[in-house]
Structure formats: C-alpha cells, structure tokens
Amino acid sequence: MGKTTTVPVPQSYVDRLTGELDQLETKVLEVVRDSAVINTDPNRGGGGIFFVGHANWGWAPSDSAHEATRMSLIPVLADWFVRFALLFPHPTPRVSKQLASARELLGGWVLRDRGSNDHSVPSSVDGAISTAEGRFSDLRELVKLLPSDDYPIRVVIDTNALIDAPDVDLYTEMLGPKYFVHMVPVVLRELDELKRNGRNENVRESARKADMRLKKYRNNGDVLTGARVSGQVFVKFEHIEPEASGLPSWLDMSVPDDRFVASVLLLQSKHPGSAFYVITSDINMQTKLSAVGMPFLEGASR
C-alpha cells in the first residue's frame with residue numbers, strides 16, 4: 001500500500017454544523033448590530049384614516065456596504081438550514097415549529113423582502129439582537145436531540161477509488177482500526193456497468209475484481225445491516241436511492257456524481273454523531289463534496 005497520512009481526531013458532523021452555526025450567529029448579529037430600526041406605523045400621525053395590518057417597526061434602508069454584506073450571507077444561511085433540516089426527517093410539531101421559526105426570522109432579517117409587513121422587527125436594535133440570539137439558542141437546543149453513534153468514523157468510497165483498491169479495510173492507517181463503510185447504490189450500479197462496458201479490458205477486469213470482492217463480504221454477515229470485513233471494519237450495502245426533495249437545489253439526480261453526493265449527504269445526516277469521510281481522488285467530486293461540507297480523503301493504492 002502507498003504512503004498514507006493519519007487523519008486527526010475526527011469531528012462529528014453535528015459538531016461541524018454547530019461550528020458553522022457559531023460563525024453564522026456572529027455574522028447575523030453583526031448585520032443586525034449595524035442596522036437601524038425605524039417607526040413604520042402609518043397611523044402614528046393621526047390624520048383620520050386608519051391603516052390595518054402594517055407593522056409598527058421596520059428596518060431602515062441599508063447603505064451599499066451593508067447591502068453587500070447581507071447579500072453574501074443570504075446563500076450561506078440558506079445552505080446551512082437545508083443541511084440542518086435534513087437531520088430531522090420526521091420532526092415532531094415542536095421541532096418543526098422551532099426550526100421553521102428560526103429559519104423564517106433569521107433568513108427574513110437578512111433578506112428583508114417584507115417591507116412594512118414584517119411584524120417580527122422589535123422597536124430597537126438591542127431588542128432585535130436579543131430576539132436573534134434566542135433563535136440561535138433554539139437551534140442549539142435542537143442539536144441536543146441528535147443521537148450519538150457507536151462508530152466515530154463512517155466512510156463512503158467512490159467507484160474509481162474502489163476499482164483502484166477494492167479492499168475496503170485498506171484505510172486503517174488513515175482512519176484508525178474502527179470504521180463503518182457504506183456502499184451506495186450509484187457505486188454498485190456503476191461497478192456493474194463497468195465490468196461489462198468499461199472503456200478497455202483493464203477497466204473491465206478491475207471492475208470485476210472489485211465486484212467479486214464486495215460479493216465475498218456476504219459470506220461474513222448481512223450486508224444490508226453490516227458485515228464484518230476484518231477486525232473492527234464493517235461494510236453495509238445501501239439500497240435506498242436519494243430523492244431531490246429537501247436537498248440542495250443544485251444537485252441534479254440525473255447526474256451520477258450528484259446522486260453520489262446526495263446519497264452521502266443523506267447518510268451523513270442519518271448518522272450525525274459520526275465523522276463521515278468520502279474516499280475519492282476525483283477533483284470534480286471533491287469540489288461538489290466541499291460544497292456540502294463533506295470531508296474527503298485521497299484513495300489508497302495497492
């Protein structure tokens with residue numbers, strides 16, 4: 001096996017999302033702190049005509065620098081909420097309400113597209129800061145509901161890395177002696193296609209060897225729940241295909257790489273107490289994984 005590098009003590013997915021949340025809170029509170037609240041009540045001066053439904057307070061117009069800061073924060077905040085919501089696929093009404101309330105208020109205060117209809121704006125910036133801090137506290141309370149994991153490290157291997165090195169227990173020098181490997185449907189399907197229709201005989205033969213190696217793991221246990229490969233390394237064959245609903249909008253389920261990223265993101269969300277790594281040397285795949293906050297490692301060599 002080629003030279004390997006030991007990965008530092010892994011950070012779980014939920015810890016990484018919490019770290020991102022801390023950074024988002026700092027940025028959102030800076031936006032609020034640099035804002036001004038104005039009285040928008042159309043009835044404040046009298047005049048004999050009474051307007052119904054207007055908010056009493058609203059945000060003063062932003063200058064160019066403040067507008068630019070808000071625009072840069074909008075997609076970052078939206079992306080975080082998409083990934084965080086995936087952690088709660090079957091929320092109770094209370095969890096749904098807390099999540100929706102935080103997303104609506106924080107996202108709305110950064111976007112500011114409601115004009116005089118935003119009744120959530122308090123009468124002062126200090127009050128707004130306190131309200132925003134409360135929503136961030138609610139999100140941290142939701143984090144406490146997420147489960148721990150028996151496996152501190154979980155791994156997904158892409159097709160090319162598997163063809164180059166089909167032994168899924170090759171990564172103990174990098175990951176330590178205990179980890180759980182998930183084989184996602186798009187990889188299993190691509191292996192089957194390559195062993196028949198690979199671009200040359202070398203690729204077809206490598207795909208056949210990888211396919212045979214994986215099938216042998218069935219002799220070690222139930223691959224649908226987790227079969228031992230060796231030592232404390234286990235492998236599971238996933239059978240559920242990802243759906244686009246709830247995932248980042250740029251993922252195209254007709255593109256194999258995007259289906260792979262979607263599968264990994266959903267698996268990571270299902271096991272938030274683990275640190276997830278993808279084994280891949282594909283630079284395009286690495287770029288897409290970075291876009292959803294997924295760590296990756298270069299593949300091993302035989």
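This text goes with the structure placed above it.
These numbers were taken from a predicted model, which means no experiment stands behind them. (Residues numbered from 1 in each chain as written. Predicted model: local features only at pLDDT ≥ 70, side-chain atom pairs only at ≥ 80, totals over all residues. Heavy atoms only, no water.)

Q: It is not clear to me how the sheet that holds strand β5 (residues 227–230) should be interpreted in this structure. Could you clarify?
A: Pairing between sheet strands relies on hydrogen bonds along the backbone, with the strands arranged either parallel or antiparallel. As summarised here, the arrangement of the six strands in space is β5-β6-β4-β3-β7-β8, forming an open sheet in which the pairing is mixed. Both edges of this open sheet fall to β5 and β8 (296–297), since each of them pairs with a single strand only. Where strand β3 (residues 153–157) meets strand β4 (residues 178–183), three bridges bridge the pair, whose relative direction is parallel. Counterpart to Val 155 in the pairing with β4 is Val 181. (Pairing = 2+ DSSP bridges. Helix = DSSP H or I, 4+ residues; strand = E, 2+ residues; numbered from the N terminus.)

Q: I'm lost on the environment of Asp 22 in this one. Help?
A: Looking at the element boundaries, Asp 22 is found in helix α1 (residues 13–33). Classification of Asp 22 as partly exposed rests on a relative accessible area of 37%. It is 9.7 Å that separates the C-alpha atoms of Asp 22 and Arg 140, two residues lying 118 residues apart in sequence. (Buried < 20%, exposed > 50% of the residue type's maximum accessible area, 1.4 Å probe, protein only.)

Q: Just to check I follow, could you spell out helix α9 (residues 256–270) for this structure?
A: Since the α-helix packs 3.6 residues into each turn, any two residues three or four apart lie on the same face. Between its terminal C-alpha atoms α9 stretches 21 Å, which fits the 21 Å expected from 15 residues at 1.5 Å a residue. By the burial criterion, the buried members of α9 are Asp 258, Arg 259, Phe 260, Val 261, Ala 262, Ser 263, Val 264, Leu 265, Leu 267, Gln 268 and Ser 269. (Expected span 1.5 Å × (residues − 1).)

Q: So what exactly am I meant to see when it comes to the nonpolar core here?
A: Across soluble globular proteins, nonpolar side chains have a tendency to be buried as a group. Core analysis: the largest hydrophobic core is formed by 85 residues, its most contacted members being Phe 84 and Leu 139. It is α1 that contributes the most residues to this core, nine residues altogether. Look past the residues within four positions of Phe 84 in its chain and what remains in contact with it is Leu 17, Leu 99, Leu 139, Leu 142 and Val 143. (Core = buried A, V, L, I, M, F, W, Y, C linked by side-chain atoms within 4.5 Å. Contact = heavy atoms within 4.5 Å.)

Q: Sorry if this is basic, but what is going on with the side chain of Asp 258 here?
A: Structurally, Asp 258 is set in helix α9. Take Asp 258: its relative accessible area is 3%, and that puts it in the buried class. Within the local environment of Asp 258, its side chain forms a polar contact with the backbone nitrogen of Asp 252, the two atoms lying 2.8 Å apart. Among all residues touching Asp 258, those that are not within four sequence positions of it are Trp 250, Leu 251, Asp 252, Met 253 and Lys 288. (Polar contact = N/O pair within 3.5 Å; in protein donor to acceptor, adjacent residues only side chain to side chain.)

Q: Teacher, can you tell me more about the packing of helix α7 (residues 185–197) against helix α8 (residues 201–216) here?
A: When two helices pack together, their arrangement is given by the angle between the helix axes and by the axis-to-axis distance. Direction vectors running N to C along α7 and α8 enclose 135°, while the axes themselves pass 7 Å from each other. The angle between α7 and α8 places the two elements in the oblique class. Crossing hand, α7 versus α8: left-handed. Contacts between α7 and α8 pair Leu 188, Leu 191, Leu 194, Lys 195, Arg 196 and Asn 197 from the former with Val 203, Arg 204, Ala 207, Arg 208, Ala 210, Asp 211, Leu 214 and Lys 215 from the latter. Classifying every residue of the contact of α7 with α8 gives seven nonpolar, one polar and six charged. (Axes fitted to C-alpha atoms, helices over the stretch in contact; angles between N-to-C directions. Parallel < 35°, antiparallel > 145°, perpendicular 65-115°, else oblique. Left-handed = near helix turned anticlockwise from the far one by under 90°. Nonpolar A, V, L, I, M, F, W, Y, C, P; charged D, E, K, R; others polar.)

By themselves, these are just geometric observations and shouldn't be taken as functional.
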